[in-house]
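Below, each chain spelled out in residue letters.
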Protein chains: 2
Amino acid sequence: MKLLTISSVKILVILFFQQILLAQMPKADLIFVNGKIWTVDKSKPVAQAVAVLGDKIIAVGSNSEIKKYAGKNTKIVDLKRHLMLPGFIDDHTHFVSGGFQLMSVNLRDAKTPEEFAQRIKEYAEKNPGRWITGGDWDHELWGGELPRKEWIDKYTQNVPVFVTRYDGHMGLANSLALKLAGITRETPDPPGGLIVRDENGEPTGILKDEAMSLVYRVIPEPTLEERINAIKLALEEAKKLGLTGIHDIGTTEDLRAYQELYKRGELTLRVYLRLPISQWEDLAKLGIEVPFGNDFIRIGSLKAFADGSLGSMTALFFEPYDENPNTKGLATDIVIDGRLEKWAIEADKAKLQLSIHAIGDSANSLVLTLFEKIVRENPSWDRRFRIEHAQHIHPKDFARFKNLNVIASMQPYHAIDDGRWAEKRIGKERCRTSYAFRPFLDHGG
Amino acid sequence: MKLLTISSVKILVILFFQQILLAQMPKADLIFVNGKIWTVDKSKPVAQAVAVLGDKIIAVGSNSEIKKYAGKNTKIVDLKRHLMLPGFIDDHTHFVSGGFQLMSVNLRDAKTPEEFAQRIKEYAEKNPGRWITGGDWDHELWGGELPRKEWIDKYTQNVPVFVTRYDGHMGLANSLALKLAGITRETPDPPGGLIVRDENGEPTGILKDEAMSLVYRVIPEPTLEERINAIKLALEEAKKLGLTGIHDIGTTEDLRAYQELYKRGELTLRVYLRLPISQWEDLAKLGIEVPFGNDFIRIGSLKAFADGSLGSMTALFFEPYDENPNTKGLATDIVIDGRLEKWAIEADKAKLQLSIHAIGDSANSLVLTLFEKIVRENPSWDRRFRIEHAQHIHPKDFARFKNLNVIASMQPYHAIDDGRWAEKRIGKERCRTSYAFRPFLDHGG
């Protein structure tokens, strides 16, 4: 046991002193007046004006009350009777992927082969030297002819291209990408994949399903700067939507990029970053517990998948799909081989939060059963279990959400997205407890 | 690439609103008046009064200026012309070990065998059920007779005891501790250690050097609560000394304890926790960069040893010790086998700070050479190299500290601690550049 060396005291220089000496009474940096401001205070739900100093709201009230905080350096914004709301927190983002999506060429509404080629040409000119990916094209828009590498090769001789259909099940590679991937007329179709060929046996550039991975594996990982640039685009998008915080799902590389942006003073929203559950031990080994970090970057929650999605009929249900009676969906491999259970129990012991994706009723049910086991076996703590999506719920399970204090982390957007084909997939009865915001509120889940 | 799901917006409830509505103009929580307050502001170095709101100083000035901030709930403290300073930051603590030290029985000034036994008796009564360790006894105070297990066995039949001499080179175990360690009259002395025995060959309880590890290995690791209690004692000590921050050296278990105290609202100083350099990869794998954490707990710096200490003649010098011409001291095993260099280069690449202990002039020199290599090989960043102690410096090396922007993390306490025997150990000439605060300031190191 070593001596406590309370020694070498250095002085904490509180620079704040100097700033304060300049201004005897606090004046706001920024004042908003003449608005309809939702205060989230039941006793006074609406105010006219708000004063901000540094990163804090220092006063809310009437125009005349708040104008007292105006100094000669205060910026005053007239809201002109518009509504003002507190910042939004999105509870489920793939923010960095979203940024890369925004960064990539947009082919989603290209209506002719010429437009398709033209957009790639323009993108290549503006973004020299990097792979062109994304795209989200739809060949039905020009009658169904699949695109060919010849459409774009002349514009992309020095840049590899692999742009994918909007469903992600096929993509078009240009000649350079095929070359980098080592795909020639001699290359056999990989199991589960198809290299589309012309009448002479020459690859056209279209790769389907597993054949796509031949190209994916040669696309380089984005650099830190590329990742940062993608995040910046996503931050701009978030600003437009009023987002000031996200509960993100990402990687340790994303964490590095967020830290760099924070150090540059360019991280304009708060990030609660959830890493894959397979990394629970890396966090536990360091003794990091949820939530660890500062106001802008926090970690300590872990993301896992219990099943797939409704759209692909891989969400796991108790009963077969109405649309295909041969399947009830699929549990993920980590559910089946027991890793999810083992990891989740250990992660919870190490005071790491669990955020588990579950769409189908059976997947939700098995996650609840796992949570029950954890509560039984591990010491209690402020664990705040989350089920991401909690989309289709067996009626008996609403009470379990409540009893286990599970956060049903639901996304209203899904009700107007895959909600459109839900009834076709799973029938009317199960739809009654799908996207079940009201039952969750009634049960207090 | 997945869609950016900017969805499910939840409202950021700014509870702050409510608090602010209660008070139209800010009033301080706490005001100090009538003092001599060192402001660390050169243009106005001394003030009379200071106002505090929440965790921020909101104003500094004269008594009359500051009294404007007094409201009906403001606590006013009269400093009675005493000096008030900003909080101190200790740049090198082993805070948790220090807490355990404070928690253990104090035998340092026990002057008789009776007093020795009496203190252990009282400690055992007050702290039932846990190992009694520490102690720091000195048998020279009662004439040199080594203590024996019989002195304390009758008070400690149900609690194992292993109290050590203040130099850490021997300890007294009671009968229960010997039993738990499996030490009997048949146990051979381990290499480098001695089990002291009486005239009949029976162990007396005294274990020297390597024999001590026979007991150490059966002492259980402290529980989280024990660790927290040790830290609480250290926090009390720190408060008395005006410490508001520490640059600590500790373990991941310490990190858990600090987090728990923080969550309980009981962490009363800011901790910059430096983990062992052997854990660089655990941090790098997660993408954690220095400094990561909040205002109260931050990580991202790594502690390593390049040599030993002056007292034990293991600090590494260019020339032999004056006191023993057969040794120049010892580099640590990780210096000798190359791990320090490898780890340091990789850790720096991963944006983790290096805090390397170096006492002797040769150890300081080799660390500077390593830092030069890192600067040459790795991309530049705000790396803030630290050498802990930087105690004995070869005259040619002061400039290297400056050129590499190395922080000489020195502890004035050492100049009055092992400074007392420095000249005997290394002679007059080398002492000229020992504890060399002035030369470092002159060189701007």
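Calculation criteria
- Residues numbered from 1 in each chain as written.
- Chains lettered and ligands numbered in written order.
- Predicted model: local features only at pLDDT ≥ 70, side-chain atom pairs only at ≥ 80, totals over all residues.
- Heavy atoms only, no water.
- Helix = DSSP H or I, 4+ residues; strand = E, 2+ residues; numbered from the N terminus.
- Expected span 1.5 Å × (residues − 1).
- Contact = heavy atoms within 4.5 Å.
- Buried < 20%, exposed > 50% of the residue type's maximum accessible area, 1.4 Å probe, protein only.
- Pairing = 2+ DSSP bridges.
- Axes fitted to C-alpha atoms, helices over the stretch in contact; angles between N-to-C directions.
- Salt bridge = Lys/Arg side-chain N within 4 Å of Asp/Glu carboxyl O.
- Phe/Tyr/Trp six-rings, centres within 6.5 Å; stacked < 30°, edge-to-face > 60°.
- Core = buried A, V, L, I, M, F, W, Y, C linked by side-chain atoms within 4.5 Å.
- Parallel < 35°, antiparallel > 145°, perpendicular 65-115°, else oblique.
- Nonpolar A, V, L, I, M, F, W, Y, C, P; charged D, E, K, R; others polar.
- Domains from an automatic or database assignment.
- Patch = residues over 30% accessible without salt bridge, like charges linked within 9 Å, V, L, I, M, F, W, Y side chains within 5 Å.
- Areas by Shrake-Rupley, 256 points an atom, 1.4 Å probe, with all protein chains shown as cover.
- Left-handed = near helix turned anticlockwise from the far one by under 90°.

Asks: Go over helix H8 (residues 224-240) of chain B, please, and point to the residues and values.
Replies: Residue and element names in this part refer to chain B. Between its terminal C-alpha atoms H8 stretches 25 Å, which fits the 24 Å expected from 17 residues at 1.5 Å a residue. For H8, the secondary structure elements touched by its buried residues are helix H3 (95-103), strand S16 (243-249) and helix H9 (252-263). Positive backbone phi, approximately 80°, marks Gly242, located one or two places after H8.

Asks: An account of the side chain of B:Thr164 is requested, with residue identities and associated values reported.
Replies: All names here are of chain B. For Thr164, the location among the structural elements is in strand S12 (residues 162-165). Among the residues examined, Thr164 registers a relative accessible area of 10% and is labelled buried. Once residues lying within four places of it in the same chain are set aside, the contact partners of Thr164 are Gly134, Gly135, Asp136, Trp137, Met170, Gly171, Met212 and Tyr216.

Asks: Could you give an account of the side chain of B:Ser104, with specific residues and numbers?
Replies: Residue and element names in this part refer to chain B. For Ser104, the location among the structural elements is in the loop between H3 and strand S10 (105-106). Its relative accessible area of 14% is what places Ser104 among the buried residues. Setting aside its immediate chain neighbours within four residues, Ser104 contacts Tyr123, Thr133, Gly134 and Gly135.

Asks: Provide a residue-level description of the sheet that holds strand S2 (residues 30-33) of chain B, including the pertinent values.
Replies: Residues and elements named next belong to chain B. Ordered by their spatial adjacency, four strands build an open sheet running S6-S5-S2-S7, and the pairing between neighbours is mixed. Strands with a single pairing partner mark the edges of an open sheet, and in this sheet they are strand S6 (56-61) and strand S7 (75-78). Averaged over all pairs of adjacent strands, the angle between strand axes in this sheet comes to 15°, irrespective of strand direction. In terms of strand pairing, S2 meets strand S5 (residues 49-53) through three bridges, oriented antiparallel.

Asks: Could you give an account of the pattern of salt bridges, with specific residues and numbers?
Replies: Summed over all chains, the structure comprises 77 salt bridges over all chains. Linking A:Lys373 and A:Glu377 is a salt bridge whose minimum nitrogen-to-oxygen distance equals 4.0 Å. One end of the pair, A:Lys373, and the other, A:Glu377, are both in helix H13 (residues 361-377), four residues apart, so they sit about a helical turn from each other. Take A:Glu377: its relative accessible area is 46%, and that puts it in the partly exposed class. For B:Lys240, the salt bridge identified is with B:Glu237, shortest N-O distance 3.7 Å. Here B:Lys240 and its partner B:Glu237 are both found in helix H8, three residues apart, which amounts to about one turn of the helix. With a relative accessible area of 27%, B:Glu237 lands in the partly exposed category. Each of A:Glu225, A:Glu260, A:Arg264 and B:Lys351 takes part in salt bridges that share partners, so that together they form one network.

Asks: Before we move on, can you summarise the packing of aromatic side chains with the specific residues and values?
Replies: Residue and element names in this part refer to chain B. The tally for this structure, following the rule as stated, stands at 21 aromatic pairs over all chains. Seen from their ring centres, Phe162 and Tyr216 are 5.5 Å apart, and the 85° between their planes marks the pair as edge-to-face. On the criterion of sequence distance, the pair formed by Phe162 in strand S12 and Tyr216 in helix H7 (residues 212-216) is long-range, its members being 54 residues apart. A relative accessible area of 1% places Phe162 in the buried class.

Asks: Can you lay out the nonpolar core for me, pointing to particular residues and giving the numbers?
Replies: Soluble globular proteins: nonpolar side chains tend toward being buried together. Counting residues in each nonpolar core, the largest one holds 170 residues, and the members touching the most others are A:Phe116 and B:Phe116. Once residues within four sequence positions are removed from consideration, B:Phe116 is found in contact with B:Leu107, B:Ala110, B:Trp137, B:Trp142, B:Pro147, B:Trp151, B:Ile152, B:Val163 and B:Leu172.

Asks: How would you sum up the environment of B:Gly311? Please name residues and give values.
Replies: Residues and elements named next belong to chain B. Looking at the element boundaries, Gly311 is found in the loop between strand S19 (297-305) and helix H11 (333-336). Along the chain, Gly311 and Lys396 lie 85 residues apart, while their C-alpha atoms are 24 Å from each other. With residues up to four places along the chain from it excluded, the contact list for Gly311 reads Trp421 and Arg425.

Asks: Would you mind going over the pairing of strand S5 (residues 49-53) of chain A in detail, with residue names and values included?
Replies: Residue and element names in this part refer to chain A. Most of S5 is tucked away: four of the five residues are buried. Bridge count between S5 and strand S6 (residues 56-61): five bridges; the pairing is antiparallel. What sits directly across from Val50, in S6, is Val60. Linking S5 to S6, which pair antiparallel, is a turn of two residues; within it Gly54 sits at a positive phi near 60°.

Asks: Just give me the short version of the pairing of strand S12 (residues 162-165) of chain A, but keep the residues and values in it.
Replies: Residues and elements named next belong to chain A. With two bridges joining them, strand S11 (residues 134-137) and S12 adopt parallel strand pairing. Residue pairing for S12: Gly135 is matched across the bridge by Thr164. Across three bridges, S12 lies against strand S13 (residues 170-173) in antiparallel orientation. Its bridge partner being in S13, Phe162 is matched across the sheet by Ala173. The hairpin turn running from S12 into S13, its antiparallel successor, is four residues long, and Gly168 in that turn takes a positive phi close to 75°.

Asks: Please set out the packing of H3(B) against H8(B) residue by residue, giving values where relevant.
Replies: All names here are of chain B. Between H3 and H8, whose axes approach to 7 Å, the crossing angle comes to 90°. Judged by the angle between their axes, H3 and H8 are roughly perpendicular. Across the interface between the two elements, Phe95, Val96, Gly99, Phe100, Leu102 and Met103 from H3 touch Glu226, Arg227, Asn229, Ala230, Ile231, Leu233, Ala234, Leu235, Glu237 and Ala238 from H8. Here the residues of the contact of H3 with H8 sort into 11 nonpolar, two polar and three charged.

Asks: With reference to specific residues and values, describe the sheet that holds strand S15 (residues 203-209) of chain B.
Replies: Residue and element names in this part refer to chain B. Taking strand neighbours across the sheet as the criterion, the six strands line up as S10-S11-S12-S13-S15-S14 in an open arrangement whose pairing is mixed. Edge positions in the sheet fall to S10 and strand S14 (193-197), since each of these pairs with one other strand and no more. As defined by bridge partners, strand S13 (residues 170-173) adjoins S15 across three bridges and the pair is classed as antiparallel. Bridge pairing links Gly171 to Leu207 in S15.

Asks: An account of helix H12 (residues 339-349) of chain A is requested, with residue identities and associated values reported.
Replies: Residue and element names in this part refer to chain A. Among the residues of H12, Leu340, Trp343, Ala344, Ile345, Ala347 and Asp348 are the ones counted as buried. Elements in contact with the buried residues of H12: helix H10 (280-286), strand S19 (297-305), helix H11 (333-336), strand S20 (353-358) and H13. Just downstream of H12, Lys351 is the residue with a positive phi angle, here 60°.

Asks: So, the domain arrangement of chain A: which residues are in play, and what are the values?
Replies: We note that the domain assignment places domain 1 (16-86), domain 2 (105-216) and domain 3 (224-443) within chain A. On a C-alpha basis, the centres of domain 1 of chain A and domain 3 of chain A stand 37 Å from each other.

Asks: Give a detailed account of the environment of B:Gly427, specifying residues and quantitative values.
Replies: Residues and elements named next belong to chain B. By the secondary structure assignment, Gly427 is in helix H16 (residues 422-431). In this structure the C-alpha to C-alpha distance between Gly427 and Glu323, which are 104 residues apart in sequence, comes to 8.3 Å. In contact with Gly427, other than residues within four places in its own chain, are Asp322 and Ala422.

Asks: Please provide a residue-by-residue account of a nonpolar patch on the surface, values included.
Replies: Residue and element names in this part refer to chain A. The grouping of Trp38, Leu83 and Leu85 at the surface amounts to a nonpolar patch, some 300 Å² of accessible area in total. Assignment of secondary structure puts Leu85 in the loop between strand S8 (83-84) and strand S9 (88-93). Classification of Leu85 by relative accessible area gives partly exposed; the value is 39%.

Asks: If you had to explain the packing of H12(A) against H13(A) to someone new, which residues and values would you point to?
Replies: Residue and element names in this part refer to chain A. The contact between H12 and H13 brings their axes to 10 Å, and the two run at 40°. In terms of orientation, H12 lies oblique with respect to H13. Read as a crossing pair, H12 and H13 show a hand that is right-handed. In this structure, H12 contributes Leu340, Glu341, Ala344, Ile345 and Asp348 to the contact, and H13 contributes Leu370, Lys373, Ile374 and Glu377.

Asks: Please give an account of the environment of B:Pro222 that cites residues and values.
Replies: Residues and elements named next belong to chain B. Tracing the backbone through its elements, the reader meets Pro222 in the loop between H7 and H8. Overall, the relative accessible area of 25% leaves Pro222 in the partly exposed class. Residues Pro222 and Phe100, spaced 122 residues apart in sequence, show a C-alpha to C-alpha distance of 9.7 Å. Not counting chain neighbours up to four residues away, the residues in contact with Pro222 comprise Phe100 and Arg227.

Asks: Got a sec to walk through unusual backbone geometry? Specific residues and values, please.
Replies: Each neighbour pair has its own omega, and for A:Val290 with A:Pro291 the value is -10°, a cis peptide bond. Mapped onto the elements of the fold, A:Pro291 is located in the loop between H10 and strand S18 (292-293). Not every positive phi belongs to a glycine, and A:Asp209 is a case in point at roughly 45°. Assignment of secondary structure puts A:Asp209 in strand S15 (residues 203-209). A positive phi angle, near 45°, is found at B:Tyr435, a position not held by glycine.

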